Amino acid sequence: MSKLALYVPLKAKPGKERDVANFLTSALPLVQAEAGTLTWYAIEEGPGAYAIFDTFDTEEDRQAHLDGKVAAALMDKADELFSEPPQIHKFTLLAAK
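Predicted model, so just to flag it, every value in this text is computed and none were measured. Along each chain, numbering runs from 1 in the same order as the chain's sequence is written. Local features in this predicted model are restricted to residues whose pLDDT is 70 or higher, and side-chain atom pairs enter the listing and the counts only when it is 80 or higher, whereas totals over whole chains, interfaces and linings include all residues. Where side-chain values are given, they derive from all heavy atoms of the structure, hydrogens and water being excluded.

Draft legend 1. Quick look at the overall build of the protein. A run of DSSP states H or I qualifies as a helix once it reaches four residues; a run of E qualifies as a strand once it reaches two. Both are numbered from the N-terminal end. Counting its regular elements, the protein contains four helices and four strands. Expected size for 97 residues packed as a compact globule is a radius of gyration near 13 Å; at 13 Å, the protein falls within 12% of this value. Note on classification: 1.4 Å probe, protein chains only; a residue is buried when its accessible area is under 20% of the maximum for its type, exposed when over 50%, partly exposed between these limits. Put simply, the protein has 97 residues, and 36% of those count as buried. Each charge class in the protein was averaged separately, 10 positive and 15 negative side chains, and the resulting centres sit 3 Å apart. Our radius of gyration looks at C-alpha atoms and nothing else; its globule reference is 2.2 Å times the residue count to the power 0.38. The charge count includes Lys and Arg as positive and Asp and Glu as negative, but it does not include His or the ends of the chains. Positions of charges follow a simple convention, taking NZ of Lys, CZ of Arg, CG of Asp or CD of Glu.

This is the structure in structure tokens:
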């Protein structure tokens, strides 16, 4: 079972919803190249509300993801796409199926 996770809620700027969805979809190949990222989900929570949820076995893997290409691209596009800066929440997973 994965031990660690990240949850990053994202609020699209009005009119940028499609751009956010496209950005998240385009990030998949970058994440697939990260051996330490066990699962990665790009989520549409509702109108204009998106999130990223991913899991890791070690803190080193989680930090490598945070230092990687997806996180860099996310921060690079933040002013253009999001109505507020992305907030990265770090979690410890207690149970999973």
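Draft legend 2. A look at the packing of helix α1 (residues 17-26) against helix α4 (residues 69-81). Interaxial distance between α1 and α4 falls to 12 Å at its minimum, and their mutual angle equals 175°. Taken together, α1 and α4 sit at an angle that is classed as roughly antiparallel. Of the residues in α4, those touching α1 at Asp-19, Val-20 and Phe-23 are Val-70, Ala-73, Leu-74, Lys-77 and Leu-81. Taken together, the residues that form the contact of α1 with α4 break down as six nonpolar, no polar and two charged. Axis lines are fitted to C-alpha atoms, over the contacting stretch for helices. Their N-to-C directions set the angle, which ranges from 0 to 180 degrees. To sort the angles, those under 35 degrees are grouped as roughly parallel, those over 145 as roughly antiparallel, those from 65 to 115 as roughly perpendicular, and the leftovers as oblique. Contacts between residues were defined by any pair of non-hydrogen atoms, one from each residue, lying within 4.5 Å. We call Asp, Glu, Lys and Arg charged. Ala, Val, Leu, Ile, Met, Phe, Trp, Tyr, Cys and Pro are nonpolar, and the rest, Gly among them, are polar.

Draft legend 3. Spatial organisation of α4. Its 13 residues place the ends of α4 17 Å apart at the C-alpha level, agreeing with the 18 Å of an ideal helix rising 1.5 Å per residue. In the structure, α4 departs most strongly from a straight axis at Met-75, where the bend amounts to approximately 30°. Inspection of α4 places Val-70, Ala-71, Leu-74, Ala-78 and Leu-81 among the buried residues, and these make up the whole buried set. Contacts from the buried residues of α4 go to β1 (4-11), α1, α2 (28-32) and α3 (59-66). Multiplying one less than the number of residues by 1.5 Å gives the expected span of a helix. To get the bend at a residue, fit one axis to the 7 residues ending there and another to the 7 starting there, then take the angle between the axes.

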